[in-house]
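The residues making up each chain are set out below.
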Amino acid sequence: MQYLIRSFRKFIVPSLACALLITTVLTVICFITVNNTAICNRIEIWIEACDYVDFFLPLIVSLAFSPFFYFINRKGFLKYAAIRKGQRHYLFTQYLVTVICVSFVVAISYYASLCISLNMTPETSISDNRLVDYVFGEYEINHPYLFGLMWCLYKGVVATLFVSFSNMLALYTDNLFVSVLGPFVYCMAENMITSLLNIPMYSIMTTYVLNRLSPSSMHVYNYVIGCFTYILITSGIILIIRRKKNNVNVRI
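Residues numbered from 1 in each chain as written. Predicted model: local features only at pLDDT ≥ 70, side-chain atom pairs only at ≥ 80, totals over all residues. Heavy atoms only, no water.

Looking now at the overall build of the protein. Each helix and strand in the protein was counted, giving eleven helices and zero strands. Element order for the protein, N to C, with α for helix and β for strand: α-α-α-α-α-α-α-α-α-α-α. Per-residue burial for the protein yields a buried fraction of 46% across its 252 residues. Restricting to contacts in the protein with at least 6 residues of sequence separation, those with at least 24 account for 75%. Carbon and sulfur atoms make up 67% of the accessible area of the protein, which amounts to about 13,500 Å² in all. (Helix = DSSP H or I, 4+ residues; strand = E, 2+ residues; numbered from the N terminus. Buried < 20%, exposed > 50% of the residue type's maximum accessible area, 1.4 Å probe, protein only. Contact = heavy atoms within 4.5 Å. Areas by Shrake-Rupley, 256 points an atom, 1.4 Å probe, with all protein chains shown as cover.)

Written as structure tokens, this is what we have:
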């Protein structure tokens, strides 16, 4: 337990910086949106603001949490940790701490901005409410705080997938630039490919961007299948990189 607490301390600064950045940007965009956009429901302010931040979310969380894994590998600290704690045990502990920090930071940041946005303007009474047609539309309208909490927790889980991929790249590529940009580049490439193939509902971005596509294109499983596709493809990428690195080490 004491070892876990010490590990959490290493991520205090990046966690606070990441939380402050996301919350501030979302809140500012919410203020701009409420003054320049016609809305039918208060939660639409937050949904609109999230579109901008969601685009850069893979980059933000990777930039905040991946450098640690790069530097412990680059400076040879993993060899020292392997003697004292065991390399696998040490990496698993650091990964567990990272997952908890990322999910907590993302969930709290998004939910804090949601609570702020819901109190920015009084409820409007427009009969033509476009949210009704979406998969979670009824919950968004009638239970915005509860739905928002569950959605933010889910988004925090998705964010851990980005950081996991970034951390693995940091360990096996020895390149900070590649590890930080990897998840972001993947999301952009996958988004372009799925759009060209006319299957954007299976994209990872559709998984965590609320109401991204038209209601007729979305089903409940679309919010999950993108995660499984992401895990499958990124795992394959890591296995290929790891095998190439091992082959190089054997030749040396």
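Quick look at the nonpolar core now. Among the nonpolar cores identified, the biggest contains 64 residues, and Trp46, Tyr110 and Ile204 are the most heavily contacted of them. What Tyr110 contacts, discounting residues up to four positions off in sequence, is Ile22, Leu26, Trp46, Cys50, Val53, Asp54, Leu57, Cys152 and Lys155. (Core = buried A, V, L, I, M, F, W, Y, C linked by side-chain atoms within 4.5 Å.)

For the coordinates displayed, the defined rule picks out 19 aromatic pairs. With a centroid separation of 6.4 Å and an interplanar angle of 55°, the aromatic rings of Phe136 and Trp151 are classed as tilted. Highlighted residues: Phe136 in the loop between helix H6 (87-118) and helix H7 (137-142) and Trp151 in helix H8 (residues 144-173), separated in sequence by 15 residues. With relative accessibility at 5%, the residue Trp151 sits in the buried group. Taking the centre distance of 5.0 Å and the plane angle of 85° together, the rings of Tyr186 and Tyr230 count as edge-to-face. Of this pair, Tyr186 sits in helix H9 (residues 176-196) while Tyr230 sits in helix H11 (residues 222-251), and the two are 44 residues apart along the sequence. Across this residue pair, the class does not change: Tyr186 and Tyr230 are buried. Members of the aromatic cluster, joined through ring pairs, are Phe136, Phe147, Trp151, Tyr154 and Tyr223. (Phe/Tyr/Trp six-rings, centres within 6.5 Å; stacked < 30°, edge-to-face > 60°.)

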